[in-house]
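Observations on chain architecture
Each chain, letter by letter, is given below.
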Amino acid sequence: MISAASTSQSHLFQPLDPFRDKLRHQWRAWLANAVLALPLILGSLLMFAPLIWAVSFSFGQPHEFFKLPPPVIPSSFRLDNYHGVFERVDFLRFFLNSVVVTGCVTAAQLITCSMGGYAFARLRFPGRRIIFILFLASMMVPQHVTLIPVFIIIRGLGLYNNLGALIVPYATSVFGTFLLKQFFETIPDELEDAAKIDGAGFLQIYWRVMLPLAGPPLATLAILTFNSSWNNFFWPLIFINSAEKMTLPLGMIYLRGQDGVTNSGVLMAAIVLNLVPVLIFFMIFQRRLVEGVTLSGLKGA
Amino acid sequence: MQEAAITARGAILTRQRINRLALREAMAGYFFILPTLLSFLVFFLIPTISGLGMSLFDWDFFSEPEFVGLDNFSELARDKLFLRTLKNTALFALFATSGNVGLGMFIAIGINSIKWRWLKTFLRTAYFIPFVISTVVVALMFGFLLQESTGVVNYYLSRLGIVRIPWLSSSAWAFRSIVLIDVWKHVGFFTLIFLAGLQAIPSELYEAALVDGAGRRVRLTRITIPLLTPSLFFSLIIALIGAFQVFESMYVLTNGGPGDATRTVVMLLYREAFGSFNMGYAASMAVLLFFIILALTVTQVRLGDRWVFYR
């Protein structure tokens with residue numbers, strides 16, 4: 001009797017077997033986690049599945065396309081489709097054009113946006129506020145309003161069907177200027193004053209003091225700019241009309257228009273050739289890309 | 001002495017020298033903003049003003065523009081095709097926005113409540129991957145997978161006992177497919193925004209709620225969701241602005257068809273400007289689109305005061 005009473009009491013006030021109870025508790029937490037995670041994991045498979053199929057079909061042969069079930073792992077790794085891409089279009093040219101355009105746009109934005117950001121954050125000049133407000137307001141206007149006039153200006157500058165048409169209008173951005181202004185405002189005055197005492201001019205302060213500190217926001221800007229420039233389609237569609245000036249997204253549409261390409265393994269091979277550099281880029285810069293997007297909330301337009 | 005200042009070196013500055021320094025600083029300021037300002041003028045301000053002006057003209061690009069006042073706009077109001085594209089765009093914006101933002105929030109809350117860090121990182125990465133792929137590539141890929149008779153998607157659906165779906169060949173389904181593809185591509189972006197919002201919620205609030213005996217659901221509806229409203233507000237604005245300018249996936253996948261089922265305002269605008277050279281008419285579409293986006297954003301900001309919870 002006594003022992004029974006003491007047992008029930010101990011059950012009330014303290015665990016019978018602390019170790020087992022802890023184990024059970026952990027097991028429960030694990031289970032709750034797993035139940036929660038399962039639909040999310042299944043959902044993430046939906047994100048991967050199209051990419052996996054694209055890779056699979058890019059190695060497949062034409063007759064496999066109608067084979068059911070569609071093989072997830074191709075029966076043989078044939079490179080015919082990849083040869084097909086290079087036979088039909090100058091894919092390397094598209095790639096290099098994309099590299100040139102994206103490289104120039106990114107480099108230019110790093111310079112111009114950091115210059116503008118520095119001026120708006122640290123220098124006083126008449127009209128600073130009003131110019132900055134105008135800049136910000138411009139982010140609201142859809143690019144289609146400026147489309148036709150910009151088309152005329154680009155033609156006037158002799159940049160039609162020229163890679164310059166894809167670089168010059170993007171050589172700077174309001175968003176990047178804003179991003180760097182925000183950053184430069186956080187730099188303590190003392191650093192700038194110390195440089196001034198040493199006799200540094202504004203150019204030297206920008207170059208020697210400000211830029212070396214701006215690594216993280218510059219990296220964020222570079223990655224976001226790179227991504228949106230690499231994927232830009234609308235602009236090339238309007239300004240480029242010969243195959244040797246096309247960048248990758250437009251080149252893909254051009255390739256699709258070639259004989260026997262629509263919805264074929266060749267198209268899938270070209271898609272994979274597009275995906276590989278983008279996914280490598282993503283792997284390397286994943287963390288900073290995520291940071292940048294969260295920071296800016298910028299939809300890659 | 002009042003008109004002078006002392007520098008860090010201890011040198012006394014006269015007003016004249018101060019003015020000279022201020023002038024130098026101003027000159028430097030203009031120098032540093034010059035590239036951005038120049039680009040702003042040439043590629044934004046002048047084009048915007050002339051774009052607004054162009055909408056009042058009838059112009060085929062080659063002959064003299066003819067001033068027609070607001071005729072372009074009254075023509076737009078009567079243009080059945082334009083109204084159709086406007087309806088398509090609005091419906092797309094409605095469905096894509098609710099899909100992206102709603103699902104993004106749902107996924108973010110799910111990911112955030114998982115305890116395992118590695119799984120969190122994996123899921124966040126997985127959902128975000130499509131965002132870095134160009135819309136053109138995404139559209140081409142889905143065009144392949146969604147083929148009616150030989151597509152992979154229909155094959156697996158048929159295995160589940162679902163009839164083959166005419167993903168891209170029926171008007172109703174083509175529209176839905178475009179929305180689904182848009183959600184596939186962008187949901188990870190909104191997940192990130194919401195994850196950032198969730199991380200900003202102080203954990204003391206949850207601890208306090210636990211002490212008060214609040215359950216999972218109460219914590220979700222009384223803490224998480226109210227404190228996520230700023231992220232929700234921001235996401236809705238961004239998503240709507242983007243959705244109203246949608247173009248690429250339709251251009252690549254359906255070219256506006258079947259019929260005009262997936263033709264959007266920007267697609268029509270593109271065709272009018274660079275296909276038929278109705279520059280003035282196309283410009284008036286752009287202007288109208290701008291005012292629609294502006295009105296929607298302003299309305300959202302106004303309404304936002306009522307439901308967004310600011311700490």
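So, here is what we can say about the structure in this document. These numbers were taken from a predicted model, which means no experiment stands behind them.

Cut-offs used in this document
Residues numbered from 1 in each chain as written. Chains lettered and ligands numbered in written order. Predicted model: local features only at pLDDT ≥ 70, side-chain atom pairs only at ≥ 80, totals over all residues. Heavy atoms only, no water. 1 Å grid on protein atoms, 1.4 Å probe; cavity = no way out; pocket = protein on both sides within 12 Å on 5 of 7 lines; lining within 4 Å. Points joined across faces, edges and corners; volume = space filled by probe spheres on them. Helix = DSSP H or I, 4+ residues; strand = E, 2+ residues; numbered from the N terminus. Nonpolar A, V, L, I, M, F, W, Y, C, P; charged D, E, K, R; others polar. Contact = heavy atoms within 4.5 Å. Buried area = accessible area lost by both parts, 1.4 Å probe. Polar contact = N/O pair within 3.5 Å; in protein donor to acceptor, adjacent residues only side chain to side chain. Axes fitted to C-alpha atoms, helices over the stretch in contact; angles between N-to-C directions. Parallel < 35°, antiparallel > 145°, perpendicular 65-115°, else oblique. Phe/Tyr/Trp six-rings, centres within 6.5 Å; stacked < 30°, edge-to-face > 60°. Buried < 20%, exposed > 50% of the residue type's maximum accessible area, 1.4 Å probe, protein only.

**Describing the layout of surface pockets**
Approximately 1,600 Å³ is the volume found for the second largest pocket. Lining the second largest pocket are 45 residues, with Leu40(A), Phe106(B), Ile107(B), Gly110(B) and Tyr127(B) sitting closest to its centre. Counting residues per element, the ones that place at least two in the lining of the second largest pocket are helix 2 (18–59) of chain A together with helix 3 (80–113), helix 5 (135–145), helix 6 (152–159), helix 7 (171–199), helix 8 (203–211) and helix 9 (216–243) of chain B. Of the residues forming the lining of the second largest pocket, the biggest block, eleven residues, is contributed by helix 2 of chain A. Partitioning the lining of the second largest pocket into residue classes produces 33 nonpolar, seven polar and five charged.

**Thoughts on the interface of chain A and chain B**
Taken together, the contacts link 94 residues of chain A with 91 residues of chain B. For the pair chain A and chain B, the summed buried surface comes to about 8,500 Å²; carbon and sulfur atoms form 81% of the total. Our enumeration of links across chain A and chain B arrives at eight residue pairs in polar contact (both at pLDDT 80 or more). Elements supplying a minimum of two residues to the side of chain A that touches chain B: helix 2, helix 4 (91–122), helix 5 (128–138), helix 6 (143–156), helix 10 (202–213), helix 12 (234–239), helix 13 (248–256) and helix 14 (265–296) of chain A. No other element matches the 18 residues that helix 2 of chain A contributes to the side of chain A that touches chain B. Partitioned by chemical class, the residues of the side of chain A that touches chain B number 68 nonpolar, 21 polar and five charged.

**Description of the packing of helix 10 of chain A against helix 1 (residues 15–54) of chain B**
Contact pair helix 10 of chain A / helix 1 of chain B: the axes reach a minimum separation of 10 Å and the direction vectors enclose 55°. The angle between helix 10 of chain A and helix 1 of chain B falls in the class oblique. Touching Phe202(A), Leu203(A) and Tyr206(A) of helix 10 of chain A are Arg24(B), Glu25(B), Ala28(B), Phe31(B) and Phe32(B), all from helix 1 of chain B. Grouping the constituent residues of the contact of helix 10 of chain A with helix 1 of chain B by class yields six nonpolar, no polar and two charged.

**Some points on the packing of aromatic side chains**
All told, the structure shown has 55 aromatic pairs over all chains when counted by the stated rule. Centre to centre, the rings of Phe135(A) and Phe40(B) are 4.6 Å apart; their planes meet at 40°, and the pair counts as tilted. In this pair, Phe135(A) is assigned in helix 5 and Phe40(B) in helix 1, connecting two distinct chains. Residue classification places Phe135(A) among the buried positions, given a relative accessible area of 1%.

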